[in-house]
Amino acid sequence: MSTDRVALVTGGSRGIGAATATALAAAGHAVAIGYRSDEPAAAVVQRQVEDAGGRALPVQVDVADPASVDAAVTGIEAELGRITIAVNNAGITDDGLFIRTDPEHWRRVLGTNLDGAFHVIHRVAPGMLRARWGRIVNVSSVVGLMGSAGQVSYASSKAALVGLTRSLARELGTRPITANVVAPGPIETEMLAAAGDERAAQLAALVPAGRLGRPDEVAAAIAFLCSDAAGFINGAVLPVDGGLGMGH
Amino acid sequence: MERTDILDAVYDACVEILKVDKAELGEGTSFAEDLDADSLALVEVVMQLEEQFDLRIPEDDLDDVATIGAAADLVASHLAAA
């Protein structure tokens with residue numbers, strides 16, 4: 001099943017991004033695995049995709065830097081073709097109480113999580129317009145709408161992705177290009193592991209299912225939003241959080 | 001570059017992007033009123049011309065582009081300045 005489309009997944013070497021790269025490859029797309037620093041991990045994802053008969057290309061990119069994004073996209077398009085699926089998953093946290101968050105930390109988190117999505121979409125959207133088809137999925141978080149003590153920069157960046165996405169959905173909807181948000185809850189990733197076992201257990205207890213989510217469960221939602229079948233879903237915020245954020 | 005060549009390029013971009021018949025197009029054809037093109041469509045036409053002529057036209061310059069002739073003038077002025 002090949003659809004001949006080219007996808008870019010930022011933050012694709014680990015966690016949700018790695019699972020998304022695998023899922024999109026399984027759906028028949030050639031996948032560029034964007035990674036900032038973990039080249040070995042990106043190579044592992046590439047091998048997994050190729051072992052399953054798919055096509056993947058690891059690409060170093062710092063999404064916070066528009067020149068880096070430009071170079072990465074130029075390289076991907078030369079190698080694989082025009083990108084018509086963009087999954088903005090690259091994200092960082094720099095947790096700490098608001099009162100102790102200095103402007104540099106704030107800027108760094110926003111620079112990757114929000115500016116990074118802007119840089120990638122800005123670079124690939126003209127190609128989607130020309131192709132008259134596109135799928136943009138921005139990976140937000142349940143905390144974008146819930147708020148989270150100690151995560152003011154992270155939560156702010158994730159909430160801002162909703163405004164970015166919905167404005168794009170309105171601007172590009174006639175082309176037909178869709179832009180959607182996936183908002184994961186606590187997922188078993190290195191990012192969550194860094195918060196410690198105790199915190200992970202606390203979060204799991206808040207989820208109706210009483211457990212953490214898996215990266216592949218988020219990837220399945222992202223892959224669906226990138227499919228032709230999801231062509232009438234636009235500007236949505238799809239929670240994949242086991243019900244943690246219900247009501248917001 | 002002759003202006004007629006530029007005009008031809010604008011016609012071609014309109015045919016490709018706006019899916020209109022070339023025979024219907026003239027210098028005075030209005031993007032919005034005659035071709036039902038929205039602001040994004042106009043940007044797409046300009047993007048194609050930028051690529052074709054290796055130009056970068058600032059966003060603010062697009063405000064005055066209402067007709068095909070104006071688009072050709074805009075490209076011509078940027079080519080002359082390049």
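You'll find the structure just up there.
As the structure is a computational prediction, the values presented were derived from the model and not from experiment.

Engineer: Requested: an account of the overall build of chain A, with residues and values cited.
Structural biologist: Within chain A, the secondary structure is distributed over 10 helices and 7 strands. Relative to its length of 248 residues, chain A is compact, with a C-alpha radius of gyration of 17 Å against a globular reference of 18 Å. On the principal axes, the C-alpha backbone points of chain A span a range of 45 × 35 × 35 Å. Sequence separation of 24 or more characterises 74% of the internal contacts of chain A that already satisfy a separation of 6 or more. With an accessible surface of roughly 11,200 Å², chain A has 55% of that area assigned to carbon and sulfur atoms. Distance from the positive charge centre (20 side chains) to the negative charge centre (24 side chains) of chain A: 8 Å.

Engineer: Any chance you could break down the environment of glycine 147 of chain A for me, citing the residues and the numbers?
Structural biologist: All names here are of chain A. Relative to the helices and strands, glycine 147 is located in the loop between α6 (142–146) and α7 (152–172). Relative accessible area serves as the criterion here: at 39%, glycine 147 is assigned to the partly exposed category. Taking the C-alpha atoms as reference points, glycine 147 and alanine 230, separated by 83 residues in sequence, lie 29 Å from one another.

Engineer: Just give me the short version of the nonpolar core, but keep the residues and values in it.
Structural biologist: Judged by nonpolar contacts, the single largest core of 35 residues is most densely connected at Ile76 and Ile136 of chain A. Here this core gets 7 residues from one element, more than from any other, and that element is helix α5 (residues 115–131) of chain A. Sequence-distant contacts of isoleucine 76 of chain A, defined by excluding residues within four places in its chain, comprise Val6, Leu8, Ala32, Leu57, Val59, Gly81 and Ile83 of chain A. Leu7, Ala9, Ile17 and Ala72 of chain B belong to the second-largest nonpolar core, a separate cluster that totals 29 residues.

Engineer: Any chance you could break down unusual backbone geometry for me, citing the residues and the numbers?
Structural biologist: With an omega of 0°, the peptide bond between arginine 175 of chain A and proline 176 of chain A qualifies as cis. Tracing the backbone through its elements, the reader meets proline 176 of chain A in the loop between α7 and β6 (177–184). One non-glycine residue, lysine 19 of chain B, adopts positive backbone phi at about 55°. On the secondary structure map, lysine 19 of chain B appears in the loop between α1 (3–18) and α2 (39–53).

Engineer: Can you explain the packing of helix α1 (residues 15–26) of chain A against helix α10 (residues 215–225) of chain A? Please cite residues and give values.
Structural biologist: Residues and elements named next belong to chain A. It is the contact of α1 with α10, at a shortest axis distance of 8 Å, that shows an interaxial angle of 50°. With respect to α10, the element α1 is oriented oblique. You can see that α1 and α10 cross each other, and the crossing is right-handed. Across the interface between the two elements, Gly15, Ile16, Ala19, Thr20, Ala23 and Leu24 of α1 pack against Pro215, Asp216, Val218, Ala219, Ile222 and Ala223 of α10.

The rules behind the values
Residues numbered from 1 in each chain as written. Chains lettered and ligands numbered in written order. Predicted model: local features only at pLDDT ≥ 70, side-chain atom pairs only at ≥ 80, totals over all residues. Heavy atoms only, no water. Helix = DSSP H or I, 4+ residues; strand = E, 2+ residues; numbered from the N terminus. Rg over C-alpha atoms; globule rule 2.2 N^0.38 Å. Contact = heavy atoms within 4.5 Å. Areas by Shrake-Rupley, 256 points an atom, 1.4 Å probe, with all protein chains shown as cover. Lys, Arg positive; Asp, Glu negative; His and termini not counted. Charge placed at Lys NZ, Arg CZ, Asp CG, Glu CD. Buried < 20%, exposed > 50% of the residue type's maximum accessible area, 1.4 Å probe, protein only. Core = buried A, V, L, I, M, F, W, Y, C linked by side-chain atoms within 4.5 Å. Axes fitted to C-alpha atoms, helices over the stretch in contact; angles between N-to-C directions. Parallel < 35°, antiparallel > 145°, perpendicular 65-115°, else oblique. Left-handed = near helix turned anticlockwise from the far one by under 90°.

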